[in-house]
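# Close look at the chain arrangement
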Amino acid sequence: MTEASERYLADQVAVVTGASSGLGQACAVALARRGASVAVNYHHDADGAAQTVRRCEEAGARAFAFQADVSDEDGVKALFAETVDTYATVDILVANAGLQKDARFTDLTLKDWNTVIGVNLTGAFLCMQEAVRQFRRQGMRHSRALGKIIAMSSVHDVIPWAGHVNYAASKGGLSLLVKSAAQELAEEKIRVNAIAPGAIATAINKSVWSDPAQMEALKKLMPYGRIGQPEDIGEAAAWMASDMADYMVGHTMVVDGGMELYPEFRDNG
Ligand code: NAD
C-alpha cells in the first residue's frame, strides 16, 4: 500500500487554480506532500495564497503564488508562462477555481449568469487549453501520461439544484467538457478527469455548515453522516494525478459521502 507520505509526484509540477482556500488549498498541499512543485493561483486573497505556499513548503515542496483571473485569457497565459519560467514544466493541472452567485430563476441577472459560467466553465476551458499546449511542448517526462488534468466539478453536474441554475449549468457543462476533451486527447496520453465533490466544509458553503439547523437538514442528504473535509478531495486529486490512476480517462470521480445515492428514497419502503 502506498503511504500518504510517499513522494510519487517528485519532479512533477502542478498548477492549482483557486488555491488560496478550501479545496484548491487542500489539493495543492496534497500534491506537495507527494513531492510536486506547485503554482498556487489565486484571484484576490493574497494572504490565503501565502498560507497555501507555506503549507506546501512545510510539506517539503516548492511553491509560489500567482494572481490571475481564470476567466481572463491573458491572465491564464501569464499563469502558465510564469510557472514554466519558474519550474520549467507543467505536468498536472487542477482546474479548481469556482464560485456561486445564487438567485431564484427569474431573479438571476445576466451578469451573475455570465460570471459563474465564465469562471467555472470558461475558466476551466482556458486553463485546460494552456495546459495541453504546454504538455505538447515539453513531451514525455516523469509519468506514464504526457499530462494530467483534473477539473473540479460537483455532484450538481447531475443533481439539479433549484436556486443555483447558473452553478449547476456550469458544472454540467464542465463534465462534458472533460469527457469530450478526454476523448480527443487520450491518444496523446493526456488524461483528463474530474472530481465531483458533495458537500465539503469550505468558504463557499459556510452559511450552511455554520448554522446547526441547516447542517441537520444537510446531513439527511449525506448517508455517510458527516460533511466532507477539504482533505477528502485533496487526497482524491493526488491519487488521480498519479500513475496509480493511469488507466482513468474521462471519468468523473464522485467523492460525496453518498449524496448521489438518492438518500431521500431510504425511508420510502
Ligand atoms: P472556495 O470559495 O474556498 O474556493 C474557490 C476558490 O476559487 C477561491 O479561492 C476563489 O478565490 C477562487 N476563484 C473565484 N473566482 C476566481 C477567478 N476568477 N480566478 C481565479 N480564482 C477564482 O470554495 P471551495 O469549496 O474550495 O470551491 C472550490 C471548487 O470546488 C469550486 O469549483 C466549487 O464549485 C467546487 N465544489 C465545492 C464544493 C463544496 O461543497 N465546497 C462541492 C462541489 C464542488
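Residues numbered from 1 in each chain as written. Predicted model: local features only at pLDDT ≥ 70, side-chain atom pairs only at ≥ 80, totals over all residues. Heavy atoms only, no water.

Here we take up empty space enclosed by the protein. This model, assessed by the stated rule, comprises three cavities of 30 Å³ or more. Lining the largest cavity are 13 residues, with Ala 95, Asn 96, Ala 97, Asn 120 and Ala 124 positioned closest to its centre. Considering every element that reaches the lining of the largest cavity, the biggest residue donor is helix 4 (residues 110–138), with five residues. Here the residues of the lining of the largest cavity sort into eight nonpolar, four polar and one charged. (1 Å grid on protein atoms, 1.4 Å probe; cavity = no way out; pocket = protein on both sides within 12 Å on 5 of 7 lines; lining within 4 Å. Points joined across faces, edges and corners; volume = space filled by probe spheres on them. Helix = DSSP H or I, 4+ residues; strand = E, 2+ residues; numbered from the N terminus. Nonpolar A, V, L, I, M, F, W, Y, C, P; charged D, E, K, R; others polar.)

With parallel pairing, the seven strands of this open sheet are ordered in space as 3-2-1-4-5-6-7. Taken across any chain shown, the strands that pair with only one partner, and hence form the sheet edges, are strand 3 (63–67) and strand 7 (252–255). Strand-to-strand, the axes of this sheet are offset by a mean angle of 20°, without reference to chain direction. Pairing analysis gives four bridges linking strand 4 (residues 92–95) to strand 5 (residues 147–152), with the strands arranged parallel. (Pairing = 2+ DSSP bridges. Axes fitted to C-alpha atoms, helices over the stretch in contact; angles between N-to-C directions.)

So, about the pattern of salt bridges. Charged atoms that come close allow side chains of opposite charge to pair. Counted by the stated rule, this structure contains nine salt bridges. A salt bridge links Glu 235 to Arg 33; its shortest N-O distance comes to 3.4 Å. A residue pair is termed long-range when its members are at least 10 positions apart, and Glu 235 in helix 8 (residues 230–240) and Arg 33 in helix 1 (residues 22–33) qualify at 202 residues. A relative accessible area of 31% places Glu 235 in the partly exposed class. (Salt bridge = Lys/Arg side-chain N within 4 Å of Asp/Glu carboxyl O. Buried < 20%, exposed > 50% of the residue type's maximum accessible area, 1.4 Å probe, protein only.)

Burial of strand 5 is extensive: six of the six residues sit out of reach of the surface. When strand 5 meets strand 6 (residues 190–197), the two strands line up parallel, connected through six bridges. Residue Lys 148 lies in a different strand from strand 6, and its bridge partner there is Arg 191. You can see the chain leave strand 5, run along helix 5 (residues 165–185) and come back into strand 6, and the turn it takes is right-handed. (Right-handed = clockwise from strand over helix to strand, strands pointing away.)

We now examine the site of the ligand. Taken together, 28 residues surround the ligand, and among them Leu 23, Asn 96, Tyr 167, Ile 200 and Thr 202 come closest. Here an oxygen atom of the ligand and a side-chain polar atom of Tyr 167 are 2.5 Å apart. Asn 205 is positioned with one of its side-chain polar atoms (N or O) 3.0 Å from an oxygen atom of the ligand. Out of a free accessible area of 810 Å², the ligand has 94% covered by protein chains. (Near = heavy atom within 4 Å. Polar contact = N/O pair within 3.5 Å; in protein donor to acceptor, adjacent residues only side chain to side chain. Areas by Shrake-Rupley, 256 points an atom, 1.4 Å probe, with all protein chains shown as cover.)

Moving on, we get to the nonpolar core. Formed by 36 residues in total, the largest nonpolar core has its most connected members in Val 16, Leu 31, Val 38 and Ile 195. Elements that contribute at least two residues to this core include exactly strand 1 (13–16), helix 1, strand 2 (37–42), helix 2 (46–58), strand 4, strand 5 and helix 8. When residues of this core are assigned to their parent elements, the largest contribution, seven residues, is made by helix 1. Here Val 16 is in contact with Gly 24, Cys 27, Ala 28, Leu 31, Val 38, Ala 39, Val 40, Asn 41 and Val 94, once residues within four sequence places are set aside. With 35 residues, the next largest nonpolar core counts Ala 39, Ala 97, Ala 124 and Met 128 among its residues. (Core = buried A, V, L, I, M, F, W, Y, C linked by side-chain atoms within 4.5 Å. Contact = heavy atoms within 4.5 Å.)

So, about the packing of helix 4 against helix 5. Think of two packed helices as two axes; the pair is described by the angle between the axes and how far apart they sit. Contact geometry of helix 4 with helix 5 gives a least axis separation of 8 Å together with a crossing angle of 20°. Looking at the two axes, helix 4 sits roughly parallel to helix 5. Judged by the twist between their axes, the crossing of helix 4 over helix 5 is right-handed. From helix 4, Asp 112, Trp 113, Val 116, Ile 117, Asn 120, Leu 121, Ala 124, Phe 125, Met 128, Val 132 and Arg 136 reach across to helix 5, where they touch Val 165, Asn 166, Tyr 167, Ala 169, Ser 170, Lys 171, Gly 173, Leu 174, Leu 177, Ala 181 and Leu 185. (Parallel < 35°, antiparallel > 145°, perpendicular 65-115°, else oblique. Left-handed = near helix turned anticlockwise from the far one by under 90°.)

What follows deals with helix 4. Across its 29 residues, helix 4 extends 40 Å between first and last C-alpha, which sits within 8% of the 42 Å expected from 1.5 Å per residue. The sharpest bend along helix 4 reaches about 40° and sits at Gly 118. Downstream of helix 4 by a residue or two, Gly 139 has a phi angle that is positive, lying close to 75°. (Expected span 1.5 Å × (residues − 1). Bend = angle between axes of the 7 residues up to and from the residue.)

With the exception of glycine, the majority of residues adopt a negative phi angle, and the majority of peptide bonds are in the trans configuration. Even without being a glycine, Asp 11 presents a positive backbone phi close to 70°. Judged by relative accessible area, which is 54%, Asp 11 ranks as exposed. The backbone of Tyr 262 sits at a positive phi, close to 50°, despite the residue not being glycine. Looking at the element boundaries, Tyr 262 is found in the segment after strand 7.

A few words on the side chain of Gln 12. For Gln 12, the position within the fold is in the segment before strand 1. For Gln 12, a relative accessible area of 3% corresponds to the buried category. Here Lys 148 takes part through its side chain, which lies 2.8 Å from a polar atom of the side chain of Gln 12. The contacts of Gln 12, once residues within four sequence positions are left out, are Ala 36, Ser 37, Asp 91, Ile 92, Arg 141, His 142, Ser 143 and Lys 148.

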